[in-house]
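# Architecture and fold: a report
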Amino acid sequence: MSPDTILGALTANSPAETVDVLVTWIGAVTLVRYLAVIRQRRERSALERRATVLVGTLAALCVLRGFSWLHPQWRWLGVAMLVPATLLPLAMTLFAEGLLRRHVERWVKGLAVALTAAALVADVVSGLVGADDVWANYTLIAAQLLMMGVLGIVLLRRDRASLSRAENGLVRTCVLVTVIGLPLAATDFRFLLGFPPARLGTLAILLLCYTLVRRPGEHAQLAGWARDVGRVVLRAAAVCAVLLLALHGTPAALFFPLFVLAATLVLAFSIDDRLTQVTARRSEAALLRWLARPRATSLAGFERVEAGELRIQGSAGYRAAEV
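## Details of the pattern of salt bridges
- As enumerated under the stated definition, the model contains nine salt bridges in all.
- Here K109 makes a salt bridge to E97, at a shortest N to O gap of 3.4 Å. Here the residue K109 occupies a position in helix α6 (residues 106-129), and E97 occupies one in helix α5 (residues 88-100), the gap between them amounting to twelve residues.
- Residue K109 is classed as partly exposed on the basis of its relative accessible area, which comes to 30%.
- Note on E97: relative accessible area 3%, which makes it buried.

Spelled out as structure tokens, the structure:
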């Protein structure tokens, strides 16, 4: 297969649609990277375990919708793309339980299961009967909005005394990300709204991922999160300005899609930098634990030390020669 054929297969009908596909796939790669780093941990917190369910669902959605937007004529691909989206009410409920460190009330869980089942049935039925999938999308939107509204109330009415300052800060930030993400996610249904020229739902997903990879101590102050996000926006604007200068004569209709692409890249690299820091800190902690072990005084103890050394040598960022 020639390079022109490959590029043609990965190019949508217009530059703006091509940006949509690139943005959602950049988001998918970033989410997969997050999942890989979290799964490397031998001991994961309840929040991390539940966050992987939500992030994994969003990653699958990003991958499938990129292909669906690229080939809208393949109806079965559109149906498959909506399957991860139908699971979001349940995944969001599990994530909310991780934030609160306790189970939500049974009726909230029942509502999550019912909304997930309703959205999934609407998607499958529309695909089987070959009907217009607009009503399936409306069902999906209604299910997600209702679930997010209920979970928002649950988080706002949380028992603040049972959570630490950092945990309360993380809850506040996640609620704010949800409020910001709602209008961004709505743009993914551009065929219903008719605007804007580029879809912004992936930015909402990456904003949530960026919030999750911040250090626990950083969650205490909401202002710090706002400053970090503001810097990301400024960097994206600078990158977009450079692209416009390099691509002199670019049509005005592409200004907004280029800014969305630049913001996605800057946010994705920011998340990757923080994930790299997390990996480095974990490797340093593993090395310190190994150095703190008592000296082996028996053959069995020596074998345990050797096994621990091999595990550390296999971790990211560690080389035995450097020690």
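## What about a nonpolar patch on the surface?
- A cluster of nonpolar side chains, V121, V124, V125, L128, V129 and W135, forms an exposed patch at the surface whose accessible area comes to about 570 Å².
- It is α6 that contributes the most residues to the nonpolar patch, five residues altogether.
- On the basis of relative accessible area, L128 is assigned to the exposed category, the value being 71%.

## A short note on the confidence of the model for the protein chain
- Here the protein chain averages 79 in pLDDT, while 78% of its residues score no lower than 70.
- Under a pLDDT of 50 for its full length, residues 309-323 has, in the predicted model, 17 contacts with residues more than four places off or in other chains.

## Side note on the nonpolar core
- Grouped together as the largest cluster of nonpolar side chains are 69 residues, with contacts concentrated most on L31, Y34, L54, F95, M147 and L208.
- Dropping the residues within four chain positions of it, M147 is found in contact with P89, M92, T93, V108, L111, A112 and L115.

Rules of the game
- Residues numbered from 1 in each chain as written.
- Predicted model: local features only at pLDDT ≥ 70, side-chain atom pairs only at ≥ 80, totals over all residues.
- Heavy atoms only, no water.
- Salt bridge = Lys/Arg side-chain N within 4 Å of Asp/Glu carboxyl O.
- Helix = DSSP H or I, 4+ residues; strand = E, 2+ residues; numbered from the N terminus.
- Buried < 20%, exposed > 50% of the residue type's maximum accessible area, 1.4 Å probe, protein only.
- Patch = residues over 30% accessible without salt bridge, like charges linked within 9 Å, V, L, I, M, F, W, Y side chains within 5 Å.
- Areas by Shrake-Rupley, 256 points an atom, 1.4 Å probe, with all protein chains shown as cover.
- pLDDT = per-residue confidence, 0-100.
- Contact = heavy atoms within 4.5 Å.
- Core = buried A, V, L, I, M, F, W, Y, C linked by side-chain atoms within 4.5 Å.

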